[in-house]
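# Commentary on secondary and tertiary structure
Chain by chain, the residues run as shown.
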Amino acid sequence: MKPFPRAEISRHALQHNLTRLRDIAPNSQIMAVVKANGYGHGLLNVAECVGNCTHGADGFGLARLEEALELRDGGVKGRLLLLEGFFRASDLPVLVEHDIETVVHHEFQLEMLAASQLAKPVKVWLKIDSGMHRLGIGIAEFVQAYQKLMDCSSVAKPINLMTHFACADEPQNPLTQQQINQFESLIKGLDGERTLANSAATLFWPQSQADWVRPGIALYGVSPVVGDKGTNHQLIPAMELVSNLIAVRKHKAGDSVGYGAYWTAKQDTILGVVAIGYGDGYPRNAPEGTPVLINGRRVPIVGRVSMDMLTVDLGADAIDQVGDSVQLWGKSLAVEEVAEHIGTIAYELVTKLTPRVAVALLD
Ligand SMILES: *Cc1c(COP(=O)(O)O)cnc(C)c1O
């Protein structure tokens, strides 16, 4: 029997999305962002899936050294970049040993590099704060930071250059073009590869695509924009989160259900109990009315999501049975739509699944 709940990952969807992103950014290499366990889709699964196909990803973006090492241990050969850079001086020899590239975004990293003695120079991407003000070397400090890297024997040349957008998911927001202009004016005439674009910029700001695009969420078939869907961009959602009905119960008008007893049936109905809860990463704050899909129809969550279960109102005429499959999100119920009901973004839903959810790669 198949375990439940489970996240079924479609190899076809991931490869289709990669191809689609190649069409959208035809002159750029693709750094597939697979941090946070491949956005919950399984780090190695995703890397193998989009790395080992024809015209596969040209490299992978990660947030933690441990993630990059897991890819190397799994036999992944392509270029790997730590998007937040290294955290400790002791990371540097590990980067060199495993041929992992690093972002440099802060003075402390410049100092650690200057003080290091490495078997080989490390490949770096200098991150410029062009307006997001989270990570990156400020405009005023750029020339000096760049020079320090040029002078550092632990740093491979040329130095690659990157920035990151704050509002690329808002196609009307002028900040993105300002950030592009800021970045381009600073790096004019310098050698090295350039990357600016996450998924949203890849889709909506083609002038930012440069040498490399860094799509994360779009690779998984999900739109980065609230109110939008991946399918609007001919992307296919790669994850289907499914579980089973473990109880079907007659329920009387006036009876409440679940913890806090705060939902009460207005009329006689049939409730279903689904084996998924916040212990699996399905958000506890999903409100009444959040849809789930059972036997081809949408039914609303009622009552509070508990750790291992949630309850749905199947309706008085329901003929659903214990053991029937339930889709929490997937091709027929967009994760973007579920996220809107819950008041979050699809990124958080897919990333927050817990290890209790079996992740299965299917064709
Ligand atoms: C996570 C991340 C990305 C990918 O972002 P998406 O919105 O998922 O495409 C790209 N670049 C950096 C620096 C990131 O941290």
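Note that the structure is predicted; figures quoted are calculated from it, not measured.

So, about the overall build of the protein. Each helix and strand counted, the protein has 11 helices and 18 strands in total. Judged by the C-alpha coordinates and their principal axes, the protein covers about 75 × 45 × 40 Å. The burial tally for the protein puts 54% of its 363 residues in the buried class. Carbon and sulfur atoms make up 51% of the accessible area of the protein, which totals about 16,000 Å².

Close to the ligand lie Val 33, Lys 35, Tyr 39, Leu 83, His 164, Asn 198, Ser 199, Arg 214, Pro 215, Gly 216, Ile 217 and Tyr 347, which account for all nearby residues. Here an oxygen atom of the ligand sits 2.7 Å away from a polar atom, N or O, in the side chain of Lys 35. One nitrogen or oxygen atom from the side chain of Ser 199 is found 2.5 Å from an oxygen atom belonging to the ligand. Computed on the free molecule, the ligand has an accessible area of 390 Å², of which 91% lies beneath the protein chains in the complex. When grouped by side-chain class, the residues that make up the shell around the ligand number six nonpolar, four polar and two charged.

With respect to the secondary-structure elements, Ile 270 resides in strand β13 (residues 269-274). Once residues within four sequence positions are removed from consideration, Ile 270 is found in contact with Val 248, Arg 249, Val 312, Asp 313, Leu 314, Gly 315, Ala 316 and Ala 318.

This part takes up the side chain of Gln 327. For Gln 327, the location among the structural elements is in strand β17 (residues 325-329). A polar atom in the side chain of Gln 327 sits 3.2 Å from the backbone nitrogen of Gly 330.

Quick look at the UniProt feature "domain: Alanine racemase C-terminal" (unreviewed entry) in the protein now. The UniProt feature table records "domain: Alanine racemase C-terminal" (unreviewed entry) at residues 238-362. Summarising residues 238-362: 11% helix, 38% strand, and an end-to-end C-alpha distance of 10 Å.

Within this structure's numbering, the places UniProt gives as "modified residue: N6-(pyridoxal phosphate)lysine" (unreviewed entry) are Lys 35. Within the element layout of this structure, Lys 35 appears in helix α2 (residues 35-39). On the basis of relative accessible area, Lys 35 is assigned to the partly exposed category, the value being 29%. If we ignore the near neighbours within four places in the chain, the residues touching Lys 35 are Gly 61, Leu 62, Ala 63, Glu 67 and Leu 83.

Counting 107 residues, the largest nonpolar core has Phe 60, Tyr 282 and Trp 329 as its most contacted members. By residue number, the principal contributor to this core is helix α3 (residues 43-51), which donates five residues. Setting aside anything within four residues of it in sequence, one finds Trp 329 in contact with Met 239, Glu 240, Leu 241, Tyr 282, Ala 334, Val 335, Val 338, Leu 349, Val 350 and Leu 353. Core analysis: the second largest hydrophobic core is formed by five residues, Trp 263, Ala 265, Leu 271 and Val 302 among them.

The next point concerns the pattern of salt bridges. The tally for this structure, following the rule as stated, stands at 15 salt bridges. One salt bridge connects Asp 320 with Arg 297, and the closest N-O pair in it is separated by 2.6 Å. Taken as a pair, Asp 320 in the loop between β16 (310-313) and β17 and Arg 297 in strand β15 (residues 297-302) lie far apart in primary sequence, 23 residues in all. In this structure, the salt-bridge partner of Arg 298 is Glu 337, at a minimum N-O distance of 2.6 Å.

Here helix α1 (residues 11-24) crosses α3 at 55°, and the two axes come no closer than 9 Å. Taken together, the axis directions place α1 and α3 in an arrangement best described as oblique. Handedness of the α1/α3 crossing: right-handed. Touching Arg 11, Leu 14, Gln 15 and Leu 18 of α1 are Val 46, Cys 49 and Val 50, all from α3. In terms of residue class, the contact of α1 with α3 is built from five nonpolar, one polar and one charged.

Bringing the packing of aromatic side chains into the picture now. Enumeration according to the criterion identifies four aromatic pairs in this entry. Joined through ring pairs, the aromatic side chains of Tyr 39, Tyr 220 and Tyr 347 make up one cluster.

Attention shifts here to the pairing of strand β14 (residues 291-294). Side chains of β14 alternate between two faces, with Pro 291 and Leu 293 and Val 292 and Ile 294 buried alike. Looking at chain direction, β14 and β15 are connected through four bridges and run antiparallel. Along β15, the bridge assignment pairs Leu 293 with Arg 298. Hairpin geometry of β14 and β15 is characterised by an intervening segment of two residues between the two adjacent antiparallel strands and by a positive phi of about 50° at Asn 295. Bridge count for β14 against β17 is two bridges, and the pairing is antiparallel. Its bridge partner being in β17, Ile 294 is matched across the sheet by Val 326.

Basis of the calculations
Residues numbered from 1 in each chain as written. Predicted model: local features only at pLDDT ≥ 70, side-chain atom pairs only at ≥ 80, totals over all residues. Heavy atoms only, no water. Helix = DSSP H or I, 4+ residues; strand = E, 2+ residues; numbered from the N terminus. Buried < 20%, exposed > 50% of the residue type's maximum accessible area, 1.4 Å probe, protein only. Areas by Shrake-Rupley, 256 points an atom, 1.4 Å probe, with all protein chains shown as cover. Near = heavy atom within 4 Å. Polar contact = N/O pair within 3.5 Å; in protein donor to acceptor, adjacent residues only side chain to side chain. Nonpolar A, V, L, I, M, F, W, Y, C, P; charged D, E, K, R; others polar. Contact = heavy atoms within 4.5 Å. UniProt positions renumbered as here; feature names shortened; annotations may be inferred. Core = buried A, V, L, I, M, F, W, Y, C linked by side-chain atoms within 4.5 Å. Salt bridge = Lys/Arg side-chain N within 4 Å of Asp/Glu carboxyl O. Axes fitted to C-alpha atoms, helices over the stretch in contact; angles between N-to-C directions. Parallel < 35°, antiparallel > 145°, perpendicular 65-115°, else oblique. Left-handed = near helix turned anticlockwise from the far one by under 90°. Phe/Tyr/Trp six-rings, centres within 6.5 Å; stacked < 30°, edge-to-face > 60°. Pairing = 2+ DSSP bridges.

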